[in-house]
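Descriptive analysis of the structure
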Amino acid sequence: MLLHAIAPSRDFTQIANSLVWDDELSDSAFRLLVRALALGPAKARATTVTALAAGLSGGRVTTDRARRQLARSGLLHTTRRRGAAGQVRTESLLSSVPLGAAP
């Protein structure tokens with residue numbers, strides 16, 4: 001028997017049903033997305049995708065594959081920016097719904 005549970009009043013993340021039932025996303029890609037969506041705005045700006053993936057099993061290959069799946073699905077967008085001192089910085093945007101390629 002399936003039962004519906006009531007979400008807790010705090011410390012939870014809502015995930016769209018379309019993402020839960022998306023068979024194109026691997027378990028690692030889904031977990032990476034959920035971890036990113038669970039962060040607050042300030043913590044999200046200070047965290048890298050690599051740091052989020054640190055706890056995933058499978059290592060670097062699995063992480064890279066998950067990132068590519070999220071990018072193909074329109075859920076992960078990355079841009080590279082050159083800072084004032086000349087260093088290149090990669091900024092990532094993870095979303096709960098697919099976004100277009102517009103900047």
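Above this text you will find the structure in question.
Calculation criteria
- Residues numbered from 1 in each chain as written.
- Predicted model: local features only at pLDDT ≥ 70, side-chain atom pairs only at ≥ 80, totals over all residues.
- Heavy atoms only, no water.
- Salt bridge = Lys/Arg side-chain N within 4 Å of Asp/Glu carboxyl O.
- Helix = DSSP H or I, 4+ residues; strand = E, 2+ residues; numbered from the N terminus.
- Buried < 20%, exposed > 50% of the residue type's maximum accessible area, 1.4 Å probe, protein only.
- Pairing = 2+ DSSP bridges.

Enumeration according to the criterion identifies 2 salt bridges in this entry. A salt bridge links Arg-60 to Asp-64; the nearest nitrogen and oxygen atoms lie 3.8 Å apart. With Arg-60 and Asp-64 both in helix 5 (residues 59-72) and 4 residues apart, this pair spans about one turn of that helix. Between Glu-91 and Arg-81 there is a salt bridge, with its nearest N and O atoms 2.8 Å apart. Here the residue Glu-91 occupies a position in strand 2 (residues 88-94), and Arg-81 occupies one in strand 1 (residues 76-82), the gap between them amounting to 10 residues. Judged by its relative accessible area of 46%, Arg-81 is partly exposed.

Sheet analysis places strand 1 next to strand 2, joined by 7 bridges and oriented antiparallel. Directly across from Arg-81, in strand 2, lies its bridge partner Arg-89. Linking strand 1 back to strand 2 in an antiparallel pair, the connection comprises 5 residues, with Gly-86 at a positive phi of about 100°.

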